[in-house]
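Structure assessment
One-letter residues, chain by chain:
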Amino acid sequence: MTYQPVVPISGYAGWRFLNRTLDMQKQAFEESSTIVRKSDYFRENITKIKSAEELVGNRRLLEVALGAFGLDDDINNKFYIEKVLSEGTINDDSLANKLSDKRYAAFSEAFGFGNMGGSGRVRFDGFADEILEKYDDRQFELAVGEQDNSMRLALNMPSALDEVLSNSSTIDGQWFSLMGNTPIRTMFETALGFSSSFGSLDIDLQLSNFKERSESVFGTSDLSEFQDSEMQEKLTRLFLVQSEINAIGNLGSNSIALTLLQSAPRYY
């Protein structure tokens with residue numbers, strides 16, 4: 001069995017409860033039989049892998065490899081994943097670099113098949129522990145997300161922000177990277193009050209609006225400043241509060257629609 005995280009209440013109050021119990025809950029999750037079994041298999045067998053093709057051909061190893069980067073849903077896209085891994089990230093025209101979702105580039109770079117050739121990084125000292133730490137974090141976030149998806153996004157934010165900042169040294173480049181990272185983009189979009197149609201705007205206009213709204217709400221458009229714990233807490237609080245407001249608004253709209261349907265005359 002896998003430990004199911006406890007999130008007794010939604011919103012910011014639920015977030016504070018989760019934070020108070022986080023270490024205890026994560027330990028219980030990582031010690032559950034399902035996670036231990038998968039981790040043990042990965043640690044014992046990953047060093048036997050000699051190519052991207054072999055990794056993709058071993059479903060149990062691939063499940064952990066993809067899960068470490070939040071790419072669990074791609075478990076059956078074997079040709080696609082093998083291409084991401086084998087082409088690496090050195091060449092600008094590689095598949096991982098062309099994808100707007102930068103998790104694929106991080107995944108490809110971590111295993112190193114395309115960048116280093118041969119067996120990549122899988123036989124490096126500490127490689128298995130590196131991947132398993134990411135796997136435990138992402139899977140715990142997914143388990144939390146089954147209770148409350150907003151909490152999952154909030155838990156993922158620090159690691160997602162690190163990825164965004166590592167992809168570029170310029171402010172604009174970091175924002176473009178953020179726009180290609182769906183989980184943290186969702187947090188910023190929601191916290192800053194953008195509508196669901198915001199993503200359909202021209203990309204340069206999105207950049208301008210993101211920076212202007214961030215400057216207005218947070219006092220900065222420099223994403224590197226969100227490495228500060230107080231800034232992260234403010235972002236999380238605004239995101240969760242706005243998520244609650246949006247949920248209540250949607251519930252209200254649905255209630256109104258239901259009332260209208262129930263009161264409409266019936267012709268039969």
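As a starting point, this report considers the structure included with it. Along each chain, the written sequence defines residue order, and numbers are assigned to residues from 1. Where local features are concerned, this predicted model is filtered to residues with pLDDT of at least 70; where side-chain atom pairs are given and counted, the filter is 80 or more; whole-chain, interface and lining totals use all residues. In computing side-chain values, all of the structure's heavy atoms are included and hydrogens and water are not.

**Focus on the packing of helix α6 (residues 78-87) against helix α8 (residues 103-111)**
The interhelical angle for the contact between α6 and α8, taken along N-to-C directions, is 60°, at an axis separation of 8 Å. It follows from the interaxial angle that α6 and α8 lie oblique. Our pair here, α6 against α8, has a crossing hand that is right-handed. Listed contacts from α8 to Tyr80, Ile81, Val84 and Leu85 of α6 are Tyr104, Phe107, Ser108 and Phe111. Three classes are used: nonpolar for Ala, Val, Leu, Ile, Met, Phe, Trp, Tyr, Cys and Pro, charged for Asp, Glu, Lys and Arg, and polar for all others, with Gly counted as polar. Grouping the amino acids of the contact of α6 with α8 by side-chain chemistry returns 7 nonpolar, 1 polar and no charged. Note on geometry: axes are C-alpha line fits, over the in-contact stretch for helices, and angles between N-to-C directions span 0 to 180 degrees. Helix and strand labels come from DSSP, where a helix needs a run of H or I of at least four residues and a strand needs a run of E of at least two; each type is numbered from the N terminus. Any angle from 65 to 115 degrees is called roughly perpendicular, while one under 35 is roughly parallel, one over 145 is roughly antiparallel, and all others are oblique. Handedness of each helix crossing follows the sense of rotation of the near helix against the far helix: counterclockwise by less than a right angle gives left-handed, clockwise gives right-handed. Here, two residues are considered to be in contact whenever any of their heavy atoms come within 4.5 Å of each other.

**Notes on the layout of surface pockets**
Unfilled space is identified by rolling a water-sized probe across the atoms. A 1.4 Å probe that fits but cannot get out identifies a cavity on a 1 Å grid over protein atoms alone, an open set with protein on both sides within 12 Å along at least five of seven lines counts as a pocket, and a residue lines either if it has an atom within 4 Å of a point. Grid points are joined across faces, edges and corners, and a volume is the space filled by probe spheres set on the points. The computed volume of the largest pocket comes to approximately 390 Å³. Lining the largest pocket we find 22 residues, and of these Gly70, Arg103, Leu142, Arg152 and Pro183 sit closest to its centre. In terms of residue class, the lining of the largest pocket is built from 7 nonpolar, 7 polar and 8 charged. As for the second largest pocket, its lining consists of 16 residues, and the residues nearest its centre are Lys134, Asp137, Arg138, Glu141 and Ser159. Residue assignment for the lining of the second largest pocket shows that the elements contributing at least two residues are α2 (22-30), α10 (127-147) and α11 (149-166).

**Points about the packing of α10 against α11**
The N-to-C vectors of α10 and α11 enclose an angle of 155°; their axes lie 6 Å apart at closest approach. Classified by the angle between their axes, α10 and α11 sit roughly antiparallel to one another. Between α10, through Arg138, Phe140, Glu141, Leu142, Val144, Gly145 and Gln147, and α11, the contact on the second element is made entirely by Asn149, Met151, Arg152, Leu155, Asn156 and Ser159. Residue classes in the contact of α10 with α11 are distributed as 5 nonpolar, 5 polar and 3 charged.

**A word on α8**
Relative accessibility under 20% of the residue-type maximum defines a buried residue, over 50% an exposed one, and the middle range a partly exposed one, all with a 1.4 Å probe and only protein chains included. Counting buried residues along α8, 7 of its 9 residues qualify, which places the element largely inside the surrounding structure. At the C-terminal side of α8, Gly112 shows a positive phi close to 75°.

**Quick word on the nonpolar core**
Only buried Ala, Val, Leu, Ile, Met, Phe, Trp, Tyr and Cys residues count toward a nonpolar core, and they belong to the same one when joined by side-chain atoms within 4.5 Å. By size, the foremost hydrophobic cluster in this structure holds 71 residues, and its most contacted members are Phe42, Ile46, Leu55, Phe107, Phe111 and Phe188. For this core, the leading source of residues is α11, giving 9 residues. With near-sequence residues (within four places) excluded, Phe188 lies in contact with Trp175, Leu178, Phe210, Leu223, Phe226 and Leu235.

**A short note on a negative patch on the surface**
Residues with no salt bridge and a relative accessible area higher than 30% make up the patches, which join like charges within 9 Å and nonpolar side chains (Val, Leu, Ile, Met, Phe, Trp, Tyr) within 5 Å. We get accessible surface area from the Shrake-Rupley algorithm with a probe of 1.4 Å; when it comes to residues, only the shown protein chains can shield them. Salt bridge, as used here, is a side-chain nitrogen of Lys or Arg placed within 4 Å of a carboxyl oxygen of Asp or Glu. In this count, Lys and Arg are taken as positive residues and Asp and Glu as negative ones, while His and the chain termini are left out. Taken as the charge location is NZ of Lys, CZ of Arg, CG of Asp or CD of Glu. Together, Glu215, Glu225, Asp228 and Glu230 make up a region of like negative charge exposed at the surface. Given a relative accessible area of 65%, Glu230 falls into the exposed group.

**Here we look at the pattern of salt bridges**
Going through the model one piece at a time under the given rule, you end up with 10 salt bridges. Notably, a salt bridge pairs Lys26 with Asp137, separated by 2.2 Å at the nearest N-O pair. Here Lys26 is found in helix α2, whereas its partner Asp137 is found in helix α10, with 111 residues between them in sequence. Relative accessible area serves as the criterion here: at 22%, Asp137 is assigned to the partly exposed category.

**Section: the packing of aromatic side chains**
What counts as a ring pair is set by centres within 6.5 Å for rings of Phe, Tyr and Trp (its six-membered ring), and what kind of pair is set by the plane angle: stacked under 30 degrees, edge-to-face over 60, tilted for all other angles. For the coordinates displayed, the defined rule picks out 14 aromatic pairs. With centroids separated by 5.5 Å and ring planes inclined at 65°, the aromatic side chains of Phe107 and Phe111 adopt a geometry described as edge-to-face. Note that Phe107 and Phe111 are positioned in helix α8 at a spacing of 4 residues, about one turn of the helix. The interplanar angle of 80° and the centroid separation of 5.6 Å between the aromatic rings of Trp175 and Phe188 together place this pair among those described as edge-to-face. One end of the pair, Trp175, is in helix α12 (residues 171-179); the other, Phe188, is in helix α13 (residues 182-191), and 13 residues separate them in sequence. Across the pair, Phe188 and Trp175 agree in class, each one buried. Among the aromatic side chains, those forming a connected cluster through ring pairs are Trp175, Phe188, Phe194, Phe198, Phe210, Phe218 and Phe226.

**A word on the side chain of Ser168**
You can see Ser168 is positioned in the loop between α11 and α12. For the purposes of these results, a polar contact is taken to be a pair of N or O atoms within 3.5 Å, where, inside protein, one atom must be able to donate a hydrogen and its partner to accept one; residues adjacent in sequence count only when each atom of the pair is a side-chain atom. In terms of polar contacts, Ser168 uses its side chain to reach the backbone amide nitrogen of Thr170, at 3.2 Å. Residues within four places of Ser168 in sequence aside, it is in contact with Gly173 and Gln174.

**Section: the side chain of Ser150**
Checked against the element boundaries, Ser150 lands in helix α11. In this structure Ser150 comes out as buried when scored by relative accessible area, which is 19%. The contacts of Ser150, once residues within four sequence positions are left out, are Phe239, Leu240 and Ser243.

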